[in-house]
Structure formats: C-alpha cells, structure tokens
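A closer look at the structure
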Amino acid sequence: RMLDHILFNASLNKPFSYRSRIWAVSVGINNYPTEPLRFSVRDADEYEKFLVSTGLTVKKITSLRNEKATRKAILEALEALLEEDLRPEDLVHFYFAGHGSKAKAPAGWHTEDGKMEMLMAHDFDRNFTKGRGGILDLEVGDIFRRIDEKKGGLIGTVFLDCCNSGSGTRSDNSSGARVRGFNMEDYTIPADALRGLKLNPRSHILLAACEKNQKAFESGGKISHGYFTHVVLDIMKNADPNTLTYSDLIKRWAPYEFDPGQTPRIEGLYDDLIAFTNQRAPKSPLIYDMKHTSEGFKLQAGSASGITKGAKFSVHTDNQRISESRVGEVVAVTVQPSTTLCSPFPEGSDLRRDVPLYAIQTLRGNPLKLFIDPKDAHYRDWTAIVKENSDDLRIASIRLVEPNEEADLAITTVGNSARFEYRHERCRRQYGLQHLTGQNAQADDKKHMLQVLCSAAHFFYYLDPDNVHDPPDDIDVVCHLVKKITSSKEEIKNPNPRNLNINNIIRLPFDDDAESVICTFEIKNKNRSISYHVEAFMFDDNLKITKYDYPVKTHISPHHPSEPNLPAGQSLKFDGSGESGPARKISLFSSASDLAEVGFLKVYYSTKPIELGYIAQETPFKMGGTRGDQGPAPMDRELFFSITIPVLMGRVSVLEDNGMP
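Report follows, based on the coordinates.

Definitions and limits used
Residues numbered from 1 in each chain as written. Predicted model: local features only at pLDDT ≥ 70, side-chain atom pairs only at ≥ 80, totals over all residues. Heavy atoms only, no water. Helix = DSSP H or I, 4+ residues; strand = E, 2+ residues; numbered from the N terminus. Buried < 20%, exposed > 50% of the residue type's maximum accessible area, 1.4 Å probe, protein only. Areas by Shrake-Rupley, 256 points an atom, 1.4 Å probe, with all protein chains shown as cover. Pairing = 2+ DSSP bridges. Axes fitted to C-alpha atoms, helices over the stretch in contact; angles between N-to-C directions. Parallel < 35°, antiparallel > 145°, perpendicular 65-115°, else oblique. Left-handed = near helix turned anticlockwise from the far one by under 90°. Contact = heavy atoms within 4.5 Å. Nonpolar A, V, L, I, M, F, W, Y, C, P; charged D, E, K, R; others polar. Expected span 1.5 Å × (residues − 1). Salt bridge = Lys/Arg side-chain N within 4 Å of Asp/Glu carboxyl O.

Another point: the overall build of the protein. Along its length, the protein carries ten helices and 36 strands. Of all 661 residues assigned to the protein, the portion counted as buried reaches 56%. Total accessible area on the protein is roughly 28,800 Å²; 46% of this is exposed by carbon and sulfur atoms.

Buried residues dominate helix 4 (residues 227-237), accounting for eleven of its eleven residues. Of the residues making up helix 4, those classed as buried are Y227, F228, T229, H230, V231, V232, L233, D234, I235, M236 and K237.

Below, the discussion takes up the pairing of strand 18 (residues 340-344). In terms of burial, strand 18 is a largely internal element, four of the five residues being buried. The pairing of strand 15 (residues 296-299) with strand 18 spans three bridges and is antiparallel. Note that in strand 18 the partner of F297 across the bridge is C342. Sheet analysis places strand 17 (residues 326-335) next to strand 18, joined by five bridges and oriented antiparallel. Note that in strand 18 the partner of A332 across the bridge is C342. In sequence, strand 17 turns back onto strand 18 through a hairpin of four residues.

We now examine unusual backbone geometry. At the junction of F345 and P346, the peptide bond is cis and its omega measures out at 0° in the coordinates. For P346, the position within the fold is in the loop between strand 18 and strand 19 (357-363). One non-glycine residue, N503, lies in positive phi territory at about 55°. Within the secondary structure, N503 sits in the loop between strand 27 (501-502) and strand 28 (505-510). Notably, L543 is not glycine yet its phi reads approximately 70°, a positive angle.

Attention now goes to the packing of helix 2 (residues 71-80) against helix 3 (residues 137-151). One can describe the packing of helix 2 onto helix 3 by two numbers: an axis separation of 10 Å at closest approach and a directional angle of 20°. Taken together, the axes of helix 2 and helix 3 are roughly parallel relative to one another. Our pair here, helix 2 against helix 3, has a crossing hand that is right-handed. Along its contact with helix 2, which presents R71, L75, L78 and E79, the element helix 3 presents E139, V140, I143, F144 and R146. Within the contact of helix 2 with helix 3, the residues separate by chemical class into five nonpolar, no polar and four charged.

For the rest of this paragraph, the subject is helix 3. One full turn of an α-helix is made of 3.6 residues, so residues set three or four places apart face in the same direction. End to end, helix 3 covers 21 Å across 15 residues, agreeing with the expected 21 Å (1.5 Å per residue, within 8%). With twelve of its 15 residues buried, helix 3 lies for the most part within the structure. When we look at burial in helix 3, the residues that qualify are D137, L138, E139, V140, G141, D142, I143, F144, R145, I147, D148 and K151. Looking at the packing, one finds that the buried side of helix 3 touches helix 2, strand 3 (91-97), strand 5 (115-119), strand 6 (135-136), strand 7 (156-161) and strand 10 (204-208).

Turning our eyes to something else, we now look at the pattern of salt bridges. The final tally for this structure, using the stated rule, is 26 salt bridges. Of the charged contacts, one joins R146 and E79 as a salt bridge, the two residues approaching to 2.7 Å between their closest N and O atoms. One end of the pair, R146, is in helix 3; the other, E79, is in helix 2, with 67 residues separating them in the sequence. Close ionic contact of D476 with K526 constitutes a salt bridge, the shortest N to O distance being 3.6 Å. Of the two residues, D476 sits in strand 25 (residues 475-486) while K526 sits in the loop between strand 29 (514-525) and strand 30 (533-540), which places them 50 residues apart along the sequence.

Moving on, we come to the sheet that holds strand 15. Backbone-to-backbone hydrogen bonds pair the strands of a sheet. The strands run either parallel or antiparallel. Around the barrel, which closes on itself, the six strands sit in the order 14-15-18-17-16-19 with antiparallel pairing between neighbours. Within the sheet, the average angular offset between the axes of one strand and its neighbour, ignoring direction, is 45°. Note that strand 14 (residues 288-293) and strand 19 share three bridges and pair antiparallel. Note on strand 19: the bridge partner recorded for M290 is L357.

Written as structure tokens, this is what we have:
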C-alpha cells in the first residue's frame, strides 16, 4: 500500500478480549537544539491513543515530550516501573520517537560492527557530559531484564521509531522525507557507561523502524508521521488484535512501500505471541504453500521444517477456509531443505493445477514405534487411546508394533502407574537407559496418557530426523561447568573449568552435594567462508524440549531475510555476558546416586533462515523436575544440517563407571 494513501486513526476497531493492565513510558521529541524533527510528538501521542483503545486498564502512562524528555527523566521513568505493583500478566511498553545514532563500542566489548546503538534524549551532549550522554540500547534492555527478574516473567514491548534502531534516526531522503538521526560514527562510548549492564532475551520484544545501519524516515502530507509508527498502527487498526501475532505483523507490513533504505524489523523470542501483549496465540496446524511445477507438486517446506519422505498432506484451495476447500492428498517423495516434491495419493489421482494450493500435514514419515504388551492389564485402554485420536497429527504418527518388531518406546503397568521404557536404539543400547527417569503417569488416567503419548511422538520425531546431506565438519560445541549449587543454595565456582565435550559426548558430573550446576556453551563455526543460521535445543528424558535462545533473533519482512546469527569463523556463546545468550542451569531429575541421566543437545544449522521454535515443548509429566532455563568459496545451493550431542548426567562415580576421562 502507498503510505500517503492511508488516512490515519490509531484507535483499534476491536478491543482486546482479555483482562490485563498497561504501564507505559512514551517519549516524543521534535525540537532538538539542532536538526529538529516534525512528527515525533504526534507519533508518541498516537501510540498512547492506541494503548487506550485496546480496552485494557491503563494504570499509568508517563508522557515525556520535547524539553521534558531528558536522559535523566527517561531513565527515571523506566526505573520507576520496578517499584510499581506489576503482575506477570501486565503489559509494559516503552515507546520512543526521535533521533537515534550509534557510536564506537569501548575496548573489550564485542559487537557485530564494533558499534553500539543509542537513543538521543533532548539534552543529549555529543561529548557525553556527565548525565547527558545517549541512552544506550543496553541500558533499556538492562531495565527490562530487571523488571522480568523482579516481577516474574513479565514480557515488555519496546517500540523505537528512530534511526539505527534495529538493536535502537529519522532523516531527509529524495522525496523530502526527514531522517531521524545524528552522526556519531567517530565517537567512542566510555567504558564506564556499560558497567554492570546485562541482557535477557526473554525480557522484551523490540519493534525497530529499521536495521542497525539504516535510517528511519518521517514525512508530511497525508502521513505527517514516522513511516514505521504509521504502518504498524494502521495494521493493528485493521486486524483482529486478539489473533494477530508478531509473525503475522511482519507478513502484513511487507506490502507497504517503505523507503528502500528502511527495513523494519522485530527482535525477540516470541514468534507466537499476540502482538503488543504477553498472550500466546492458540496453536493451529501449519499451512504450507504448494504449487505445481514441471517436476510435480512442490511444497514450500522441507527437512528444515521436519518433513521426511513418506509424510502425507491434505491439499486445499483456500487457506482461510481449510475445512471447506479440501481437494485431495499428496505424499512426500523427495525432500530438500526448504522444498518437498510430492505426488498425488493414492497414486493415479490428480489435483487442480490452475489455482494456488495449500497443504496441511496429516501423517509423519517416520512414526514413533510404540510397543504395548497384549498381556498388560491396560493394553485395551492404551491402544484405544492411539486408535481413537488419530485426527491428532502426533497420535496419527504413532505405529503400534508387535513383540517381534523394533520399538522406540514401550509402556508397562507398574502398580497403579504407567512406566515408559526406552526401546530407542540410541537411548537404550548406546547409553544403557531403561526408562524415563522418575517419570510415571497414572495408568488409568486416559487424558494424561494421551498427553504423554503426544509429547513422546513429537520428541522422538524431532530427535532423529534424517539429514538431507552428510553434515560437514564445520561446527564445534564447547561446554564448561562453571559453577555448582548445593542443596543449601550455596554457589561454588569451578576453579578450573574444562571442555566437557569429548568425542561428541558431553559428560556432566555432579558432586555428591551438588543440587544443580551452571554450564556455559559455545557453538563455533570453523568454516571461514560460510555463515549459518543456527538454532539449538536440549531434549530431556522427561520429554521436555528446551530452545536455547540467543538475544539477537531477528525477524524482518519476507523480502528481507534475517542475517545469519553464526557468521563465518565466529561463535555463538551462551555464558550470560555481553551480547551472548544466558548460561544454563541444569539439575538432575532423580536424587538417586546410582542413576545416570541423558539429554541430547541438538544443533540445527542452515545457510537460509530457519524458524524451528515449534519444536520446543514442555514436559507432559505432572511430577518431577525440569531442566533448561532454570576454506571453499560460499556455495549457492542451500545447506541444512543438524548435529546431536548426548549429554550424560550423574554423580561422579556413575560417570566414571561409564568411562568418563
């Protein structure tokens, strides 16, 4: 849509349907002493109108305009949120419209380009006179981290309509639009400005007007707003705010005609979050585009989406009316990283070729092989659960096997409980695991048994998908145990941490007095010419899958793919420092001293962006603990690989018996 054809009204046509409260700090600055702007104040006012139109309870909005928007006032308003009566379900917003800039990072601080982004308060002083420097994006992030830690999981929203905002200036382009930004490229940020600052990627979502090295524009005429604020609020006005996720928001701003030098982006870890809220959208089936080509019917998804040969899909002609538009079925024949060649099923049937087609997976290609002994007292009940719930993709992907067939999982009755025994080759034969550690379910609780079976099918499906190509020796994973926490909550540092990944097996020792340990991970790209998009997960033996989040997870419009988060020759670190991801707190499920436990660290890496957040799942068990967040020239063809590293955990004596060096 042409931006100057939008007649603007920020109010929503439909309010949010759930209960929550809003706390906000809203900043708009026009009359800078030099390089003034025209519409930042208007943008901030419209954003406040948008918040009020949500229908939620607005507890407090601190409005700072022009001369009142000093560095001290902005930071004090944000800090004051820490003292408010915030609840986990509350919404905390920080909106900033004005100038932004970037300057050189001090020695010892690693960033992608050697620079750091900042917001320019009204009293900004280029010489960083005490108390009048720019507001660093790290300062804002640190405040939201502390809000998250103090208030129990609250997710904030940071909306920046300024240049260099993609981490956080408006200006003039050829059409007369004005740029929001100052040039500070030759200035170095003082090291003491960063002292004590930390980030938590889970604390907030960032909506940025442009990428880190771009400019954000504002324009007069019918717009008389900053482009970014104008577009986002227009989308929200014309959408159902109760269902629009951040992923949907990105797709919807793609048709708008931004200046070529301005690419909006969203950074955060909550693809499925409803925009501007802390509510997760209900899960719905993934719908894939499919088209007819000279090769056959090609699905626009492949092994990077977990698709394997033999998977089946229902085919539809309308992605909005799925149930009414089914026209047939296809089966996956040839699977590539991002595409799958399919043939009609059953063989000989045909599909329409003159309209867009959409596919929903109905059967996975490598089912979970489940054994239930016919002599077991609950055989009929448990097999009935599988047969009666085949409309669920996960249950449809379970195949009941006979006693003489290989199985991944078996269920047996022990007393009043159902015990889940490993039959999966890697878990049982290679590591001697007998059953899920300390995890049982009531044998006659059909609802819980269904939940466990769904989780098990999902777990084993993603634990062992086939690679399309043999993975190259490009990726190294380093693990250090840096600290242990005793049963009395005493934290004891490890004086000599060493790499625990030996021969692609991580052995994680627990002293007798250790209740949990703190580990750091580093994923190294040894290839000097190929950069990768990386996602990492821990598969635990209570069927939980934890996504290892990295702070800079960026979503841009479909026409501007995200940049690789693992550049050639560099590393991704999870050690809680600088721009790294958080270190991991890991606990044993069982207090038994004679048991070894196992998890699997799975690292996916691709030359194209991958979105695998749907792999993560919570444990289905009602009892028990949980781990986790407590040379050659670049190739034109797409590459997608994964590596799986066992993580053996147990008391020191047990791991020594298993051959720990």
